[in-house]
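Structural features, examined
So you can see what is in the structure, the chains are spelled out below.
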Amino acid sequence: MRALQFRRSVPKYAAAMVAGGVMPGFGARVGPLRLADVEEPDLPGPDWQRIRPRLAGICGSDLSTIDGKSSRYFEPIVSFPFVPGHEIVADRDGGRVVVEPVLNCIPRGIDPPCSFCATGLTGSCQNIALGSLEPGLQTGYCADTGGGWSTAMVAHESQLHPVPDDMSDEAAVMVEPAACAVHAACRPDVDQPSTVVVLGAGTVGLCTIAAVRTHLRPGTLIASAKHPEQRKLALDLGADVVVEPGEVRRAVRRMSRSPMVGDGVGEGAEVVFDCVGTADSVDDALAIVRPREQVVLVGMPGRISVDLTGLWHKEIRLVGAYAYGREKTGERTFELAFELVAQADLGRLVSATYSLDRYRDAIDHAAHAGSRGAVKVVFDLRGERNR
Amino acid sequence: MRVPVRARFPLGKPNWPSSVPRPALERRTGVDYDTDWARKPAARVARAVIVDDVLRPALHLIASPTVHGEDRLVGLEAPAIFVANHHSHLDTSVLLTSLPEPFRHKAVVAAAADYFFTTRAKGAMSALAIGAIPMERTKVGRRSADMAAELLDDGWNLIMFPEGGRSPDGWGRAFRGGAAYLSLRCGRPVVPLYIEGTGRLWRRGKKWPKVAKRGEGVHLVFGSPVWPEEGEDARRLAARVENTVAALADEWSTDWWSARRRAATGTTPGLTGPSGGAWRRAWALDADASSRSGRRAWP
Amino acid sequence: MSRPGFVLEVDRSTPPILFHHGEGFRLEKLPAGSRVVYPAEPVAPLKDPDAAIRHALLNPVGDSQPLPSLLHSGMKLTIAMDNQAVPLPPMQRPDNRQRVIEIVLDMAAAAGVDDVELIVAHGLHRRMTEPELRHILGDRIYDSFAPHGLLTQHDAEDHDNLVLVGRTEQGEHVELNKRAVTSDLLIYVNVNLVAMDGGHKSTMTGISSYRSLKHHHNVTGMQHSRSFMDPPNSELHNSTWRMGRLLAGAVKIFQIETTLNTDTFPSQFSFLQKREWEWSARDRAAFLATSKSLDRVPPRMARSIFHGMKSPQRMTSVQAGEVEAVHQLTLANLHRQHLVPVEGQADVLTMGLPYLGPYNVNSILNPLLVMCLGLGYFFNLYRGKPLVRKGGVVILSHPTRWEFHPVHHPSYIDFFEQVLAETTDPLEIEKKFEEDFATDPWYIHLYRNSYAYHGVHAFYMWYWGAHALQHVGQVIIVGGEPRAVRRLGFKPASTLRDALEMAEDVVGRNPSITHIHNPPIFLADVT
């Protein structure tokens, strides 16, 4: 089978770090990612199935891995060589499925499962390096399962969600990112806050805007977007006010009608979703959140340097939001995500598709999605040979 | 100075025979000192350099003068007669260096003939450096009055201290009529000025000036030009000018609005201080000074 | 004798024409056949302004008595005056206001008036700083009144010190400064820079509140003020006149208005007020030296050079007495300096915007103020009909940097970033955002305690251009920062030639072009 494979190679990894530092997406040219004909992965156990990806998205975390920027935190919880790709819609015998990629106790055959998996909070499972599989927090980071950027892979029964017939592949591939957003929107313990801010309007940001509008139902939703297409989509998906990143503090101040205190907003937003994950965005988030309220980190931050004095002084809660599982209402996040994708028509966020051969272009496009007017870039595997 | 050994005639000067009457000596000092040369272009250039580049910086170092009310002169055409109260030798320099253009570089100073023009060298220095012209102290004589009027008519601005000398005790003295007389005669306005603080730095009787400490600088307040009114005589005009200077002093020590209100009711404090014993005048002066600057005038 | 303004027909031998361009200048070759409107040369000033003021106070117009007979001891006297928005640029000392108020106070002192208070009638403008107050009032008045708290700045948000005088038949609230309204005599001292200023508008904007201003500072009103530089045809003035009459019935007002000539620039910039073909070798050298060096210094520095400049304009008239009679005389005197007859409208109107408008003295001419200066003030400098035809194109020349004074114009930043990003339609802006900005406690705090324009003031900037926005088909800014220009809803162009070609798309080939050679200020009498 043909696959994009990520291998352990220290010199290439270093080269990718340098190249990715110069120009995002450049790591794909010199780094450890290569297109190869490899053996299809074996089925690790009885409840596993072979599936053939149709579309597989390129995610921000994939890009940082390719550019050698991802945190060393991931070192023990991935296994090489792996095929990236965890936003997957695939064919299996008897129809299309979307993959829920977290490799928790159930796929790993750990019995009894950990306390999190037992209650459905599978995203919080920490047995991701144990059990019958090689380490890997998700499909797409594990040597045993294969990943979406290939023509074939394996998945556990529990990971598969059938796709309704009336849902397009493009919509289905957005279910995984939408699930992340739904989970993030369900994290804060507030109901109908008056002001919510979503920083960033990439895929995560836009999905979060849609999820917040549906699940958190805020009075005013302020979003920050850098590019005009993002701005249009943000407004369309439910933001009331969209401003440029440099303007967000003033916008929040005005909407909350509070004073400025230094560079910060006196009484800001009840919840801030940071969908960027840089030092600047976290700084902004801490400056605009209301005292005693929460900042949700949706974008993966990595190692950044932030002044936490404001967090201490304003007693801010900094909350992470990773993956999905089961929400407070008892529903599975993926079920909610299917609804959200259909209802908000998130399929339109898929802006470009590429074949595996053109993976360098695809990654380059994904790395500059915003400035090139795109949101989600995906690999289209439906036309690949050997499928 | 006398040369000890005199060369004999014909190398030296011949003696005058005692039997032959001597002609009257042409007086060339005092009021009779001729200052015409000091108003020729070369001397004016030299004076401009002295005033702007020597006196002005020196004065800023010693007295750090602050000017108030300069805007009252906007639109006033030269020539004019500038009169001020007089405490110190610094006054002339303060005034001369603070006058705005076009007055500064075409100004002459009426200086006491019996002080500044006693010798030709002293007269030349005064005429060159500050544009001094000799003037009698007590009453304006025919010759000096004619000269001053002629200069005014020629477009020269005149600076005068109508008290007729520096204050002996820190209080002002009554204004004499010279400036008013010239104003009436030439139809030019009198610009009253109030100078504050020079007496602190260089009192009459002191050999050298003190250098002003911070916040102790000299102040110069310009008043609005006073034009002679119809049918006014020199005495009345002089009194009006003196009142204006007194009002300026009042304005400086309180504020303009209070001063205007006192002037309107005729209760502006005079420049001459209280009458009575010398100690009372000194006492009042001290009280006045300390209320302004918090510093005692007495050592 | 100063020469009147006139309209130049550009031919092939006409030299390039000077365009103001923020803190700099451009020389532009206009196509043959274009017209350039030149202002009149400065008219002769009053020989003795102080005597003229005294004469005006002793011989008031309208049904007013001479000022001294209105003053008596024991009375409560309030003197209100215009703020730093006039004149432009700030005039060399002494300012008209200082001259007038000193003489007024002299008379008050003579009459034994003790209770006197001075109020800066800055409306919703920012408060003035001490150096600015000293500049317009002089040190004597400042030192006499400010230390005792008797020189105050109007506060439109101090509700304890506002009083509702009444409502007009049209239901307009007349809410004004309490001290002014409860005085035995209110003296208003103005500097009537342009025909918009003065009359009842002085008090109705200067010492009133947002609630009161709303009746005439709104989109519909401004769209029906054609132009607001021509009071008889201005809804702004109709409303303020109605409200002013109500006030005049409640408190005795003695209005003192002064006009200035257009001797706008000091001698080193004298080429700015000469016609290009009359530039001497010295003028050309001065122009080259100035514009080359301005190109090389950073904008900040160029700005501080320009804002340090004080204009040599001089008083041309002063009149006092009953408001309306006074203002009629004022307008006549103003027209004597400002009116330039122009025949017919053009397809394209070009103008070079200088570094300064009424709202950025010692500040930055931000993009919003660029709009207001171009489409508000310059566009409206007409009587009769606009200089550009309906559906025509206005071309402005200004660097239009995305730059705001953070202390003076905080609400402008938000307006520009948040409101204009959503819509540039004045009516929609008014409906959706005005109330919100006007009542924002943070802006109110900054207006009252810092040096910020009121939160709603940014809206007025936009409303001031509402008539022009409705009238013209397109607005192009030459040499502006594209991002900022687009945010204003206008089109950026890098050269005048490009702009003219873009204009052809709207008004057709070979358009007629009129350029206004302003400042110095004039008022086009268009027939």
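Conventions we followed
- Residues numbered from 1 in each chain as written.
- Chains lettered and ligands numbered in written order.
- Predicted model: local features only at pLDDT ≥ 70, side-chain atom pairs only at ≥ 80, totals over all residues.
- Heavy atoms only, no water.
- Pairing = 2+ DSSP bridges.
- Helix = DSSP H or I, 4+ residues; strand = E, 2+ residues; numbered from the N terminus.
- Axes fitted to C-alpha atoms, helices over the stretch in contact; angles between N-to-C directions.
- Contact = heavy atoms within 4.5 Å.
- Domains from an automatic or database assignment.
- Buried area = accessible area lost by both parts, 1.4 Å probe.
- Salt bridge = Lys/Arg side-chain N within 4 Å of Asp/Glu carboxyl O.
- Nonpolar A, V, L, I, M, F, W, Y, C, P; charged D, E, K, R; others polar.
- UniProt positions renumbered as here; feature names shortened; annotations may be inferred.
- Polar contact = N/O pair within 3.5 Å; in protein donor to acceptor, adjacent residues only side chain to side chain.

Chain A has the name Sorbitol dehydrogenase in an unreviewed UniProt entry, where uncultured Acidimicrobiales bacterium is given as its organism.

**Let's talk about the sheet that holds strand β14 (residues 289-297) of chain A**
All names here are of chain A. Spatially, 6 strands are ordered β10-β9-β8-β13-β14-β15 in an open sheet, and the strand pairing comes out parallel. Each edge of the open sheet is held by one strand with a lone partner, namely β10 (241-243) and β15 (317-320). Pairs of neighbouring strands in the sheet enclose a mean axial angle of 20°, with direction left out of account. Here β14 runs beside β15; their pairing, made up of 4 bridges, is parallel. When the sheet's bridge partners are listed, Gln294 is paired in β15 with Arg317. Its contacts with the sheet put helix α7 (residues 203-215) on β8 (195-199), β9 (220-224) and β13 (269-274), and the angle it makes with β8 is roughly 160°.

**What about the environment of Gly219 of chain A?**
You can see Gly219 of chain A is positioned in the loop between α7 and β9. Here Gly219 of chain A is in contact with Pro193, Ser194 and Asp240 of chain A, once residues within four sequence places are set aside.

**Thoughts on the domain arrangement of chain C**
Residues and elements named next belong to chain C. Taken as a whole, chain C is organised into domain 1 (6-42 + 338-526) and domain 2 (49-260). The distance between the C-alpha centroids of domain 1 and domain 2 comes to 28 Å. Across the boundary between the two partners, domain 1 contributes 41 residues, which contact 38 residues of domain 2. Summing the contributions of domain 1 and of domain 2, the shared interface buries around 3500 Å²; its carbon and sulfur component is 62%. Summed over the three residues of domain 1 that lose the most area to domain 2, namely Tyr447, Tyr451 and Trp464, the buried surface amounts to 19% of that side. Counting the contacts that link domain 1 with domain 2 gives 1 salt bridge. The set of elements that each furnish at least two residues to the side of domain 1 that touches domain 2 consists of α13 (367-378), β15 (382-383), α15 (426-438), α16 (441-449), α17 (457-464) and α18 (466-471). Counted by class, the side of domain 1 that touches domain 2 contains 23 nonpolar, 13 polar and 5 charged residues.

**Considerations on the UniProt feature "domain: Alcohol dehydrogenase-like N-terminal" (unreviewed entry) in chain A**
On the UniProt side, "domain: Alcohol dehydrogenase-like N-terminal" (unreviewed entry) is annotated at positions that read residues 45-165 of chain A here. The span residues 45-165 of chain A is 9% helical and 22% strand by assignment, and the distance between its end C-alpha atoms comes to 29 Å.

**Side note on the interface of chain C and chain A**
At the interface, 17 residues of chain C touch 13 residues of chain A. On inspection of chain C and its partner chain A, the count reaches 9 salt bridges. Two residues, Glu417 of chain C and Arg250 of chain A, come together in a salt bridge whose shortest N-O distance is 2.3 Å. Sorting elements by how many residues they give to the side of chain C that touches chain A places helix α14 (residues 410-419) of chain C first, with 4 residues.

**Some words on the interface of chain B and chain C**
Taken together, the 11 residues of chain B in the interface contact 19 residues of chain C. If you sort the residues of chain B by the area they bury against chain C, Asp71, Trp256 and Trp257 of chain B come out on top, with a joint share of 50%. One salt bridge connects Asp71 of chain B with Arg140 of chain C, and the closest N-O pair in it is separated by 3.3 Å. The tally of links between chain B and chain C comes to 8 residue pairs in polar contact (both at pLDDT 80 or more). Here the element with the most residues in the side of chain B that touches chain C is helix α9 (residues 256-264) of chain B; it accounts for 5 residues. For the side of chain B that touches chain C, a count of residues per class yields 4 nonpolar, 1 polar and 6 charged.

**Some words on the domain arrangement of chain A**
Residues and elements named next belong to chain A. Structurally, chain A comprises domain 1 (2-176 + 328-380) and domain 2 (188-320). Distance between the C-alpha centres of domain 1 and domain 2: 27 Å. Listed by partner, the interface residues are 17 residues for domain 1 and 16 residues for domain 2. Buried surface at the junction of domain 1 and domain 2, summed over both partners, amounts to about 1300 Å²; 72% is from carbon and sulfur atoms. Sorting the residues of domain 1 by area buried against domain 2 places Leu340, Arg348 and Val375 first, and these three jointly supply 32% of that buried surface. Taken together, domain 1 and domain 2 are joined by 1 salt bridge. A salt bridge links Asp236 to Arg348; the nearest nitrogen and oxygen atoms lie 2.5 Å apart. Joining domain 1 to domain 2, the criterion identifies 3 residue pairs in polar contact (both at pLDDT 80 or more). Of all the secondary structure elements, the ones that give two or more residues to the side of domain 1 that touches domain 2 are α3 (60-66) and α12 (333-344). Here the side of domain 1 that touches domain 2 gets 4 residues from one element, more than from any other, and that element is α12.

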